[in-house]
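Chains, contacts and geometry: an overview
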Amino acid sequence: MKDPSREGLGTLADMAIPEIAVGAVAVAGGKILLVLRGHPPEEGRWSVPGGRLERGETIAQAVVRELSEETGLIGKCGELIGWVERIGSGHHYVILDFAVELDPGSQPTAGGDARDAKWYPLDQLETIDLVSGLYQFFLDHGVVPPRGGCAFGCLPG
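Below is a short write-up of the structure. From a predicted model like this one, the values you see are computed outputs, not experimental measurements.

The next point concerns the environment of Leu134. Looking at the secondary structure, you find Leu134 in helix α2 (residues 134-140). Separated by 88 residues in the primary sequence, Leu134 and Trp46 place their C-alpha atoms 9.1 Å from one another. In contact with Leu134, other than residues within four places in its own chain, are Trp46, Ser47 and Val48.

We now examine the nonpolar core. Judged by nonpolar contacts, the single largest core of 25 residues is most densely connected at Ile32, Leu34, Leu125, Leu130 and Phe138. At the level of elements, β1 (19-25), β3 (31-37), β6 (75-88), β7 (91-102) and α2 are the ones that each hand at least two residues to this core. Here the element with the most residues in this core is α2; it accounts for 4 residues. Aside from chain neighbours lying at most four places away, what touches Leu130 is Leu34, Arg45, Trp46, Leu125 and Tyr135. Core analysis: the second largest hydrophobic core is formed by 13 residues, Leu67, Leu96, Phe98 and Val100 among them.

Conventions and cut-offs
Residues numbered from 1 in each chain as written. Predicted model: local features only at pLDDT ≥ 70, side-chain atom pairs only at ≥ 80, totals over all residues. Heavy atoms only, no water. Helix = DSSP H or I, 4+ residues; strand = E, 2+ residues; numbered from the N terminus. Contact = heavy atoms within 4.5 Å. Core = buried A, V, L, I, M, F, W, Y, C linked by side-chain atoms within 4.5 Å. Buried < 20%, exposed > 50% of the residue type's maximum accessible area, 1.4 Å probe, protein only.

Take a look at the structure:
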């Protein structure tokens, strides 16, 4: 019997091996830290800093490393916010997104795989070109407040 959940994914031989990836979600003062992706998938779109887990590295170490590589900022890995799975041509990522704490007033400098890095107001995220599904992820996990509400990080900080 054909598995409908695998519809359109091709054969097993065509599929990429799943890889663990991490995302660093930094929210402070009503803004969120985003990077402009410099490589596929979704090159040229905005996302949270992140990338693949490396051999011998803990997940928390990967979050802090990716944050530093892509923004030049040093942070502390906090709680798991949520996870997503992205499957496409030549890739299959299981992405674990974590809250990160940064020093107040931290200013990013793009590096690594990121072409740009900046703080965006939470209430303007609908107007920028985020990677597929990211805005809905933010809504679903309380990163972005529902209209008229408050999410974590909307307090001054």
